[in-house]
Amino acid sequence: MPLTPRRCLSALLLGVTAALSSPAQALENDLGNAVQSVAGIYSSIWIHEMGHALTFHALGATDIEIKVPREGCRLCGETTSKSPAGGYQLWHAQAIAGSGLLAANLAGELVIQRQSLHGSAFAQSVLGSSLVSNAIHVYTYYTRYVGVDGYRGNDIDAFAASGGNPHLFSAALLAYTAWSLQRMRQKEIPFFYVNLRF
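Attention here is on the structure that accompanies the text.

## Examining the state of the cysteines
As used here, a disulfide is simply a covalent bond connecting the sulfur atoms of two cysteines.
Now for step 1: One pass over the structure, following the stated rule, counts 1 disulfide.
Now for step 2: What pairs with Cys73 in a disulfide is Cys76, and their sulfur atoms sit 1.9 Å apart. Taking the torsion about the sulfur-sulfur bond, which here is approximately 45 degrees, the covalent link between Cys73 and Cys76 counts as right-handed.

## Describing the pattern of salt bridges
Now for step 1: Counted by the stated rule, this structure contains 2 salt bridges.
Now for step 2: The closest approach of N and O atoms between Arg183 and Glu109, which form a salt bridge, is 2.7 Å. On the criterion of sequence distance, the pair formed by Arg183 in helix H5 (residues 166-186) and Glu109 in helix H2 (residues 90-113) is long-range, its members being 74 residues apart. The same class applies to Arg183 and to Glu109, which are both buried.

## A look at the packing of H2 against helix H3 (residues 121-143)
Now for step 1: The N-to-C vectors of H2 and H3 enclose an angle of 140 degrees; their axes lie 8 Å apart at closest approach. It follows that H2 is oblique to H3 by the angle criterion. As for how H2 packs across H3, the hand of that crossing is left-handed. Residue-level contacts link Leu101, Ala104, Asn105, Ala107, Gly108, Val111 and Ile112 of H2 to Ala123, Val126, Leu127, Ser130, Leu131, Ser133, Asn134 and His137 of H3.
Now for step 2: Partitioning the contact of H2 with H3 into residue classes produces 9 nonpolar, 6 polar and no charged.

Calculation rules
Residues numbered from 1 in each chain as written. Predicted model: local features only at pLDDT ≥ 70, side-chain atom pairs only at ≥ 80, totals over all residues. Heavy atoms only, no water. Disulfide = S-S within 2.5 Å. Salt bridge = Lys/Arg side-chain N within 4 Å of Asp/Glu carboxyl O. Helix = DSSP H or I, 4+ residues; strand = E, 2+ residues; numbered from the N terminus. Buried < 20%, exposed > 50% of the residue type's maximum accessible area, 1.4 Å probe, protein only. Axes fitted to C-alpha atoms, helices over the stretch in contact; angles between N-to-C directions. Parallel < 35°, antiparallel > 145°, perpendicular 65-115°, else oblique. Left-handed = near helix turned anticlockwise from the far one by under 90°. Contact = heavy atoms within 4.5 Å. Nonpolar A, V, L, I, M, F, W, Y, C, P; charged D, E, K, R; others polar.

Following this line, the structure appears as structure tokens:
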């Protein structure tokens, strides 16, 4: 069969298509994983805020509103409400403060427990976000102060303001985070695409 310019061009296009198809598919997978990861991060924030909202509702609050992201912080949320007529007892306020972190960690725990979720970039991101949030809450509680430079406080600050022990709360968050990371390593669940090796 004679080699014509048309056949050369066809062979060249076929070769280029074959060479580019693998990177194109990899790029498509990477973009899909990135979208799932961002969705997982924001879902974790929403789950956190829904924990607060459900607790507000259970305690009789009205006009409950969730903002994600909240003003001035792209990776933060805020839940506000109108308190019931009698206000809250101290343990109510402590429950409200802790409910967001509890809800996010329960969602992360579901990912650890369900093997079918281990390979999902979305589920891995929900889990990873809850653990990062734990560490950030503890770090921020010990390094920033309410009222200084406009800082309004986080859930641990609110827990402490309502008479809870912030050191026990912080220790529980860090212990749970460390235990979760250990189980992620054992079950080979990546932490934001990084396989843990400790």
